Amino acid sequence: MEIVAKILIAVVAIEHLYILWMEMFAWETKGKEVFKKALPAEMFKPTKGLAANQGLYNGFLAAGLIWSFFIDDPKWQTNIALFFLGCVAVAGIYGAVSATKKIFFVQALPAILAIVAVLLK
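You'll find the protein entered in an unreviewed UniProt entry as Putative membrane protein, with Chryseobacterium geocarposphaerae given as the organism.

Here's what the structure looks like:
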């Protein structure tokens, strides 16, 4: 189960690196494709700075998850991974309620599955 947990943590981290890229550097192109139902097309240019700020926070989530791979103490490694996965799950649930339900399945569900795997290892 430990390998499954590490794979799921890595998937969530990679996903958040992708979100960082999209929100910070491709908001008006890829962001427009991804969030077309949540935001009118004319709002992408004026919200570029806000999206970049969101992207930066997603980068912090990814950094925390990646950091958990480099912690030697198993208890701290678990605690750090659970903290950042919990943050991702909460953000995904809030995004599903406030923007589009798809966010739950794309962001929150992988984090929740990773939490379960970490707790079962």
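Enquirer: How should I be thinking about the overall build of the protein in this particular structure?
Expert: The helix and strand tally for the protein stands at five helices and zero strands. If you list the helices and strands of the protein from N to C, you get α-α-α-α-α. Taking 121 residues into account, the globule formula puts the C-alpha radius of gyration at 14 Å, and the protein, at 15 Å, falls close to it. Based on the C-alpha atoms only, the size of the protein along its principal axes is roughly 50 × 25 × 15 Å. Looking at the 121 residues of the protein, the share that counts as buried comes to 38%. For the protein, the proportion of contacts with a sequence separation of at least 24, taken over those separated by at least 6, is 58%. Per element, the accessible surface of the protein, about 7,300 Å² overall, is 72% carbon and sulfur. One way to put it: in the protein the 11 positive side-chain charges average out to a point 7 Å from where the 8 negative ones average out.

Enquirer: What am I meant to see in the side chain of Gln-107 here?
Expert: Note that Gln-107 resides in helix 5 (residues 102–120). Residue class for Gln-107 comes out buried when judged on its relative accessible area of 10%. In this structure the side chain of Gln-107 is engaged in a polar contact, spanning 3.0 Å, whose partner is the side chain of His-16. Setting aside its immediate chain neighbours within four residues, Gln-107 contacts Glu-15, His-16, Asn-58, Val-88, Ala-91 and Gly-92.

Enquirer: Quick question: what am I supposed to make of the packing of helix 1 (residues 2–25) against helix 3 (residues 48–68) here?
Expert: In helix packing, the relevant descriptors are the interaxial angle and the interaxial distance, both defined with respect to the helix axes. With their axes 7 Å apart at the nearest point, helix 1 and helix 3 run at an angle of 160° to one another. It follows from the interaxial angle that helix 1 and helix 3 lie roughly antiparallel. Viewed along their axes, helix 1 and helix 3 form a crossing whose handedness is left-handed. In the contact of helix 1 with helix 3, the residues fall into 14 nonpolar, six polar and two charged.

Enquirer: How should I be thinking about the pattern of salt bridges in this particular structure?
Expert: Pairing between side chains of opposite charge can happen when the charged atoms of each approach one another. Considering all chains together, one arrives at two salt bridges under this definition. Between Glu-28 and Lys-48 there is a salt bridge, with its nearest N and O atoms 3.6 Å apart. With Glu-28 in helix 2 (residues 27–34) and Lys-48 in helix 3, the pair connects residues that are 20 residues apart, well separated along the chain. Relative accessible area serves as the criterion here: at 29%, Glu-28 is assigned to the partly exposed category. Here Lys-30 and Glu-33 are joined by a salt bridge, their closest N and O atoms 3.2 Å apart. You can see Lys-30 and its partner Glu-33 sitting in helix 2, three residues apart, about one turn around the helix.

Enquirer: Which parts of the structure should I look at to understand the packing of aromatic side chains?
Expert: How two aromatic rings sit relative to each other is given by the distance of their centres and the angle of their planes. Inspection of the entire model under this criterion finds six aromatic pairs. Arranged with centres 5.7 Å apart and planes meeting at 35°, the rings of Tyr-18 and Trp-21 form a pair that is tilted. Placement of the pair is Tyr-18 and Trp-21 together in helix 1, with a separation of three residues, close to one helical turn. Tyr-18 sits in the partly exposed class, given a relative accessible area of 37%. With a centroid separation of 5.6 Å and an interplanar angle of 45°, the aromatic rings of Trp-27 and Phe-35 are classed as tilted. Across this residue pair, the class does not change: Trp-27 and Phe-35 are buried. The structure contains a cluster of three or more aromatic residues connected by ring pairs, namely Trp-27, Phe-35 and Phe-44.

Rules behind the numbers
- Residues numbered from 1 in each chain as written.
- Predicted model: local features only at pLDDT ≥ 70, side-chain atom pairs only at ≥ 80, totals over all residues.
- Heavy atoms only, no water.
- Helix = DSSP H or I, 4+ residues; strand = E, 2+ residues; numbered from the N terminus.
- Rg over C-alpha atoms; globule rule 2.2 N^0.38 Å.
- Buried < 20%, exposed > 50% of the residue type's maximum accessible area, 1.4 Å probe, protein only.
- Contact = heavy atoms within 4.5 Å.
- Areas by Shrake-Rupley, 256 points an atom, 1.4 Å probe, with all protein chains shown as cover.
- Lys, Arg positive; Asp, Glu negative; His and termini not counted.
- Charge placed at Lys NZ, Arg CZ, Asp CG, Glu CD.
- Polar contact = N/O pair within 3.5 Å; in protein donor to acceptor, adjacent residues only side chain to side chain.
- Axes fitted to C-alpha atoms, helices over the stretch in contact; angles between N-to-C directions.
- Parallel < 35°, antiparallel > 145°, perpendicular 65-115°, else oblique.
- Left-handed = near helix turned anticlockwise from the far one by under 90°.
- Nonpolar A, V, L, I, M, F, W, Y, C, P; charged D, E, K, R; others polar.
- Salt bridge = Lys/Arg side-chain N within 4 Å of Asp/Glu carboxyl O.
- Phe/Tyr/Trp six-rings, centres within 6.5 Å; stacked < 30°, edge-to-face > 60°.

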